[in-house]
Amino acid sequence: MNARLNFIFLLFLVLPTVLLSQHRINITARLIPESKTIELQQQLTYVNESKDTLHSLYLTDWANSFSSKTTPLAQRFAENYDKSFHLAKMEDRGFTNVKSVQSQGDSLVYSRPADHPDILKVEFKNAIAPAESRTFFLKYDVILPDEKFTRYGVTKSEQYNLRYWFMTPASYNDGWQYYSNKNINDRFIPKTDIEISISIPKDYFLISDLETAVMNSSYNAGEKIIRLSGNNRIDAKVFLRKSSKFESIETDFLTIITDITDEQVPPQNRALIIDRIAGFLNSELGSYPHKQILVSNLDYRENPVYGLNQLPDFIRPFPDGFQYELKLLKTTINNYVDNTVLINPRYDRWAVDGIKTYLLQSYMDTFYPDLKVVGSLSKYWLVRQFYASNLEFNDQFNLLYMHMARLNLDQPLTKPRDSLIKFNLNIANQYKSGAGLFYLGDFIGQEKISSSIKKYYNSFKLESSKTSDFERILREATDKNIDWFFDDFVNTRKKIDFKFGKTRVLGDSLYVDVKNKKDNKMPVSVFAFKNDTLTSKTWVENITDKKTIVLPKDSVDRLVLNYNRALPEYNLRDNYKKPGAFLGLNKPFQFKLLQDLENPSKNQLFFMPVFEYNLYDGFTSGMKVYNKTLLRKEFNYKLEPQWGARSNTIVGKASLSYTHNLMDSRLHRIRYGFSGSRFSYADDLFFRKYTPFIRLDFRKRDLRLDEGQSITARWVNVDRDEDVSLVDQDPNYSVFDLRYTKSKRGIISVLNYNVDFQIAKNFSKVSSTAFYRRLFLNNRQLNLRFFGGVFLNNNARDNGDFFSFALDRPTDYLFDYNYYGRSEDTGLFSQQYIVAEGGFKSQLEPAFANDWILTTNASTTIWKYIYAYGDFGIVKNEGINTRFLYDSGVQLSLLDDYFELYFPVYSNLGWEIGQPNYETKIRFTVSLSFDTLIGLFTRKWY
């Protein structure tokens with residue numbers, strides 16, 4: 001900086017401590033595009049608003065959260081299966097270079113707390129007494145990160161999205177409340193008056209919701225100084241653009257600055273939409289305390305309307321301007337609330353999330369009461385065949401929360417946000433909060449929820465608050481007992497699930513039993529209909545097991561629990577009752593082509609075309625008949641008859657299973673059932689497999705720790721057509737298989753292992769597999785796999801190696817692997833590689849072990865997706881000396897575990913790369929499983 005600015009800065013150093021009532025930040029800054037650096041000189045006046053005497057000050061320095069591959073932010077990226085930050089160059093990651101911290105003329109000692117590299121602790125000799133203030137002076141540089149990590153930083157076109165770019169005091173409330181940046185946009189700081197003078201190149205436009213004034217001169221050639229100011233602020237986003245798409249639209253209530261736009265919506269219509277949104281928020285919440293609000297497209301992309309954000313631009317199933325309006329509405333609600341409600345956003349969030357979602361639902365009910373979730377697509381006959389076409393727009397909030405509840409992955413609303421898995425963080429918990437307020441509103445009156453939200457907002461606008469303040473206001477709004485809402489719905493994972501019990505007629509009255517299937521005290525509404533006309537709605541409370549209500553017999557021919565779906569109920573399928581129904585059928589059957597959402601008023605059965613391939617049956621096609629809906633169900637069955645184009649016969653598979661989900665237990669899920677299949681295993685030879693099974697899944701209570709264990713027991717019965725070319729081999733056999741598996745998944749480190757025990761008529765054996773993958777700080781990846789197996793007894797070795805351990809290509813006698821040509825010894829299909837048993841890539845002798853085997857498979861990065869691999873192991877066969885085997889080569893991993901090629905180089909066979917017919921030695925891995933590929937892209941959400 002120039003000499004004049006330095007003089008002013010030094011002058012401030014000698015100023016005495018002053019008494020103020022508000023934290024204040026004054027910054028002089030300069031952007032240096034060549035080095036992606038902002039130079040800052042900052043004056044921070046901190047007011048001790050607590051009753052404690054302070055001996056240190058904690059500052060949030062979230063710009064430094066990008067400083068290494070081991071920060072909490074870096075770990076968060078890894079947990080979300082995003083390795084872009086880990087693989088990034090050093091110059092793409094930002095950091096803070098602190099030069100000095102001073103106060104009262106002294107240089108102060110500062111440090112970074114353990115495990116919090118983006119927090120700065122400043123210590124001082126003279127304590128700050130209650131109600132006293134102290135001024136600090138800081139010099140530091142912020143080197144900005146690439147925007148590809150969090151969307152904030154430097155863009156490829158050398159434009160700047162700035163957030164958390166200068167230091168701020170942490171909040172103090174019964175102790176310092178500080179935590180590290182984890183890319184969930186939840187910094188918690190006290191309201192502060194801010195003044196910033198920033199020097200930027202003249203060809204940049206600066207956009208902010210702070211009051212802006214452009215100075216005509218700068219001490220640096222080619223630059224201009226812009227002054228920003230604002231009072232009672234908790235955020236200061238700044239966008240620097242070479243050409244700005246932001247527009248400023250004034251309304252009667254505030255000015256909205258936004259770059260959310262839609263070229264197909266005329267400017268005058270956009271202005272009307274913005275005015276309607278501003279008017280709605282002013283009416284439902286209260287006046288906004290600042291003159292203007294910044295609503296950026298970046299804000300929307302961080303928290304979009306899920307589903308809508310997946311639609312391509314050319315698909316517009318909603319009214320003209322609606323998609324633009326919804327984007328702007330959700331983002332404005334978020335910023336309106338976040339900028340003015342001073343609540344701990346990481347540890348005390350559910351009320352704020354609930355208010356936002358409830359406002360969004362209220363807006364839709366007010367201005368689009370009849371809009372369907374699929375919009376105008378419901379006019380098409382094909383779309384109308386799906387139950388989803390009947391859902392109201394607001395039904396999606398319950399639906400997306402229920403998706404996680406059915407997976408047994410939902411988490412309490414009071415869970416800290418950094419402990420939530422991604423789907424719950426971004427979608428489910430927000431929607432559950434809003435759905436809960438709507439449920440409570442149906443119980444006590446929606447007008448009381450609306451008035452409570454408004455009262456809370458106006459009572460605590462720009463004042464520190466807690467969710468307990470909102471709870472108190474809700475309780476004051478009603479005479480009803482609503483303990484259940486806070487004790488059960490908010491604080492736990494307890495599900496809502498009711499059903500009808502028996503009905504009986506006594507005189508002119510109908511006695512109806514309502515059963516609570518879960519352990520909670522939540523109420524449920526009972527709707528009575530007569531000739532499809534609603535005759536009554538009754539709330540039933542405090543159902544510990546069951547409760548009986550009495551209705552006039554002549555006014556009821558159909559009963560429905562939770563008819564308006566105000567309750568986010570776990571299972572709606574048993575909510576229907578017809579007194580005296582024929583054979584107890586309370587709802588009709590429905591047969592539908594293709595999978596659909598669950599229609600609780602129907603007994604659904606789906607049909608879907610299926611296509612598969614193997615070498616012997618050729619392409620198989622058929623029709624799958626099943627009951628599985630888009631929401632997971634406890635009981636599932638499917639029947640898949642298919643016709644083999646090459647085998648000219650019926651093949652296929654069938655299964656049925658039942659799943660028990662267990663809450664708040666290490667035992668996460670119990671699943672048991674039966675499956676069967678029939679396919680060809682060679683030309684004109686078929687196998688039939690029948691398997692009863694049970695599986696116990698264990699998962700840590702902290703769902704973000706992607707670790708699990710399972711125990712699986714199954715009885716595999718195989719009936720094969722006899723192959724006359726093989727002698728002394730029984731084509732039919734049964735194997736009891738017991739397996740324990742433990743897995744720890746991740747993008748940086750993976751550790752999986754299992755122990756497998758099998759026993760059959762002629763053999764018993766035990767084996768174990770372990771796999772370790774590590775991505776190091778130098779971006780080199782190491783993969784290690786170990787396999788060991790031993791026969792406890794083996795009376796089948798005289799009949800060949802069908803049940804032996806395989807070095808490179810298992811016989812797959814349990815028919816578990818997706819071989820496209822399982823019996824092939826030559827040709828392309830014989831080169832298919834599945835990582836199992838010995839795991840070798842080269843085809844060496846002996847290829848099997850009928851006594852015991854130990855192998856190791858290793859690979860490491862050469863460059864990007866090219867790896868060097870090596871395998872070595874010991875094979876022991878009965879009556880034959882132990883053999884040491886090895887191979888090595890190059891692995892091309894285009895998609896880990898799904899599409900890979902293996903090129904052998906050197907092995908026991910010598911230099912394979914120079915041997916004849918080398919192309920027959922190349923191995924490949926291809927996974928055509930749709931579920932497997934979907935799992936690759938959805939793993940970061942669960």
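Keep in mind the model is a prediction, meaning the values are calculated, not measured.

Details of the overall build of the protein chain
Stage number 1. Broken down by element type, the protein chain carries 14 helices and 48 strands.
Stage number 2. Its C-alpha atoms give the protein chain a radius of gyration of 33 Å, near enough to 30 Å, the size a compact globule of 942 residues would have.
Stage number 3. Principal-axis analysis of the C-alpha atoms gives the protein chain an extent of 100 × 90 × 55 Å.
Stage number 4. Across the protein chain, the fraction of contacts at a sequence separation of at least 24, relative to all contacts at a separation of at least 6, is 63%.
Stage number 5. Looking at the protein chain as shown, the accessible area adds up to about 42,400 Å², and 54% of this sits on carbon and sulfur atoms.
Stage number 6. The centroid of the 121 positive side-chain charges in the protein chain is displaced by 2 Å from the centroid of its 110 negative side-chain charges.

A look at the sheet that holds strand β28 (residues 576-577)
Stage number 1. If you trace the four strands from one edge of the open sheet to the other, you get β25-β24-β27-β28, paired in antiparallel fashion. Each edge of the open sheet is held by one strand with a lone partner, namely β25 (533-540) and β28.
Stage number 2. Note: strand β24 (residues 524-530) against β25, seven bridges, orientation antiparallel. Bridged to phenylalanine 529 within β25 is leucine 534.

Re the nonpolar core
Stage number 1. Of all hydrophobic cores here, the largest spans 92 residues; its most connected members are Leu285, Phe470, Phe485 and Leu559.
Stage number 2. Once you skip the residues sitting within four places of it in the chain, phenylalanine 485 turns out to touch Trp350, Gly436, Leu437, Leu440 and Val490.
Stage number 3. The next biggest cluster of nonpolar side chains, apart from the first, holds 50 residues, and it includes Ile25, Ile119, Val154 and Ile226.

Observations regarding the packing of aromatic side chains
Stage number 1. A complete count under the given rule lists 62 aromatic pairs for this structure.
Stage number 2. Plain terms: the ring middles of tyrosine 733 and phenylalanine 802 are 5.9 Å apart, the flat faces sit at 70° to each other, and that makes the pair edge-to-face. With tyrosine 733 in strand β37 (residues 732-744) and phenylalanine 802 in the loop between β40 (781-794) and β41 (805-806), the pair connects residues that are 69 residues apart, well separated along the chain. For the pair shown, tyrosine 733 and phenylalanine 802 are each scored as buried.
Stage number 3. Summarising the aromatic geometry, the rings of phenylalanine 803 and tyrosine 813 are spaced 5.0 Å apart at their centres and angled 70° between planes, so their arrangement reads as edge-to-face. You can see phenylalanine 803 sitting in the loop between β40 and β41 and its partner tyrosine 813 sitting in the loop between β41 and β42 (848-849), a full ten residues away along the chain.
Stage number 4. According to the relative accessible area criterion, phenylalanine 803 is buried, its value standing at 13%.
Stage number 5. Ring-pair connections join several aromatic residues into one group, and the members of that group are Trp350, Tyr439, Phe443, Tyr456, Phe460, Phe470, Trp484, Phe485, Phe486, Phe489 and Trp539.

Focus on the side chain of glutamate 707
Stage number 1. Structurally, glutamate 707 can be placed in strand β36 (residues 707-720).
Stage number 2. A polar contact of 3.3 Å, which involves the side chain of glutamate 707, links it to the side chain of lysine 700.
Stage number 3. Sequence-distant contacts of glutamate 707, that is, excluding residues within four places in its chain, are made with Phe698, Arg699, Lys700, Ser743 and Lys744.

Quick notes on the pattern of salt bridges
Stage number 1. Within the structure shown, the criterion is met by 59 salt bridges.
Stage number 2. Taking the shortest distance from any N to any O, the salt bridge between arginine 346 and aspartate 186 comes out at 2.6 Å. With arginine 346 in the loop between α6 (322-338) and α7 (350-367) and aspartate 186 in the loop between β13 (176-177) and β14 (192-201), the pair connects residues that are 160 residues apart, well separated along the chain. Accessibility classification places arginine 346 together with aspartate 186 in one group, the buried group.

Section: the packing of helix α9 (residues 395-406) against helix α10 (residues 422-444)
Stage number 1. The N-to-C vectors of α9 and α10 enclose an angle of 125°; their axes lie 8 Å apart at closest approach. Here α9 lies oblique to α10, going by the angle between them. Relative to α10, α9 is oriented so that their crossing is left-handed. Every residue of α10 that contacts α9 at Gln396, Phe397, Asn398, Leu400, Tyr401, His403 and Met404 is listed here: Phe423, Asn424, Ile427, Ala428, Tyr431, Lys432 and Ala435.
Stage number 2. Looking at the contact of α9 with α10, its residues break down into nine nonpolar, four polar and one charged.

Regarding the domain arrangement of the protein chain
Stage number 1. Looking at the assigned domains, one finds that the protein chain contains domain 1 (24-244), domain 2 (246-340), domain 3 (342-490), domain 4 (498-587), domain 5 (622-740) and domain 6 (745-941).
Stage number 2. Domain 1 and domain 6 are separated by 51 Å when their C-alpha centres are compared.
Stage number 3. Across the boundary between the two partners, domain 1 contributes nine residues, which contact twelve residues of domain 6.
Stage number 4. Buried surface at the junction of domain 1 and domain 6, summed over both partners, amounts to about 1,000 Å²; 64% is from carbon and sulfur atoms.
Stage number 5. Considering only the surface of domain 1 that becomes buried against domain 6, Tyr81, Lys83 and His86 emerge as the three largest contributors, covering 60% of it.

A look at a nonpolar patch on the surface
Stage number 1. A surface patch of nonpolar side chains, amounting to about 630 Å² of accessible area, comprises Ile862, Trp863, Tyr865, Val890, Leu894, Leu895 and Phe899.
Stage number 2. When contributions to the nonpolar patch are tallied by element, the ones reaching two or more residues are β43 (852-863) and β45 (883-895).
Stage number 3. Among the elements that make up the nonpolar patch, the one with the highest residue count is β45 (three residues).
Stage number 4. On the secondary structure map, tryptophan 863 appears in strand β43.
Stage number 5. Exposure remark for tryptophan 863: the relative accessible area of 48% places this residue in the partly exposed category.

Focus on the sheet that holds strand β21 (residues 292-295)
Stage number 1. Read from one edge of the open sheet, three strands run β19-β20-β21, paired in mixed fashion. Looking at the sheet topology across the chains shown, the edges are occupied by β19 (247-250) and β21. When the angles between neighbouring strand axes are averaged without regard to direction, this sheet yields 20°.
Stage number 2. Two strands pair when backbone bridges link them, and β19 and strand β20 (residues 255-258) are joined in this way by four bridges, in the antiparallel orientation. If you follow glutamate 250 over to β20, its bridge partner there is threonine 255.

Section: a positive patch on the surface
Stage number 1. A cluster of basic residues, Arg666, Arg701, Lys742 and Lys744, forms a positive patch at the surface.
Stage number 2. Along the polypeptide, arginine 666 turns up in the loop between β33 (650-661) and β34 (667-682).

Regarding the pairing of β43
Stage number 1. Of the strand pairs in this sheet, β40 and β43 are connected by nine bridges, and their pairing is antiparallel. Considered in β43, the bridge of glycine 788 is made with leucine 854.
Stage number 2. Sheet topology places β43 next to strand β44 (residues 866-876); eleven bridges connect them, and they run antiparallel. Counted as the bridge partner of threonine 861 is tyrosine 867 from β44.
Stage number 3. Hairpin connection from β43 to β44: two residues lie between these consecutive antiparallel strands, with lysine 864 at a positive phi of about 50°.

Regarding empty space enclosed by the protein
Stage number 1. Counted according to the given criterion, the structure contains ten cavities of 30 Å³ or more.
Stage number 2. Looking at the largest cavity, its volume works out to about 280 Å³.
Stage number 3. Contributing to the lining of the largest cavity are 18 residues, with Asn398, Leu399, Arg565, Leu572 and Leu631 lying nearest its centre.
Stage number 4. Among the residues making up the lining of the largest cavity, the classes are represented as eleven nonpolar, two polar and five charged.
Stage number 5. When residues are assigned to domains, the lining of the largest cavity turns out to be shared by domain 3 (342-490) and domain 4 (498-587), each giving three or more.
Stage number 6. One number sums up the size of the second largest cavity: a volume of about 200 Å³.
Stage number 7. In terms of lining residues, the second largest cavity is bounded by 19 residues, among which Phe66, Thr150, Tyr152, Arg163 and Tyr164 are the most central.

Considerations on helix α11 (residues 446-460)
Stage number 1. Taking 1.5 Å of rise per residue, 15 residues should cover 21 Å, and α11 covers 21 Å from first to last C-alpha, within 8% of that figure.
Stage number 2. For α11, the complete set of buried residues consists of Ile449, Ser452, Ile453, Tyr456, Tyr457 and Phe460. End-on view of α11: buried residues confined to an arc of 130°, all on one side of the axis.
Stage number 3. Taken together, the buried residues of α11 touch α6, α7, α10 and α12 (467-476).

About the cut-offs
Residues numbered from 1 in each chain as written. Predicted model: local features only at pLDDT ≥ 70, side-chain atom pairs only at ≥ 80, totals over all residues. Heavy atoms only, no water. Helix = DSSP H or I, 4+ residues; strand = E, 2+ residues; numbered from the N terminus. Rg over C-alpha atoms; globule rule 2.2 N^0.38 Å. Contact = heavy atoms within 4.5 Å. Areas by Shrake-Rupley, 256 points an atom, 1.4 Å probe, with all protein chains shown as cover. Lys, Arg positive; Asp, Glu negative; His and termini not counted. Charge placed at Lys NZ, Arg CZ, Asp CG, Glu CD. Pairing = 2+ DSSP bridges. Core = buried A, V, L, I, M, F, W, Y, C linked by side-chain atoms within 4.5 Å. Buried < 20%, exposed > 50% of the residue type's maximum accessible area, 1.4 Å probe, protein only. Phe/Tyr/Trp six-rings, centres within 6.5 Å; stacked < 30°, edge-to-face > 60°. Polar contact = N/O pair within 3.5 Å; in protein donor to acceptor, adjacent residues only side chain to side chain. Salt bridge = Lys/Arg side-chain N within 4 Å of Asp/Glu carboxyl O. Axes fitted to C-alpha atoms, helices over the stretch in contact; angles between N-to-C directions. Parallel < 35°, antiparallel > 145°, perpendicular 65-115°, else oblique. Left-handed = near helix turned anticlockwise from the far one by under 90°. Nonpolar A, V, L, I, M, F, W, Y, C, P; charged D, E, K, R; others polar. Domains from an automatic or database assignment. Buried area = accessible area lost by both parts, 1.4 Å probe. Patch = residues over 30% accessible without salt bridge, like charges linked within 9 Å, V, L, I, M, F, W, Y side chains within 5 Å. 1 Å grid on protein atoms, 1.4 Å probe; cavity = no way out; pocket = protein on both sides within 12 Å on 5 of 7 lines; lining within 4 Å. Points joined across faces, edges and corners; volume = space filled by probe spheres on them. Expected span 1.5 Å × (residues − 1). Arc of directions from axis to C-beta.

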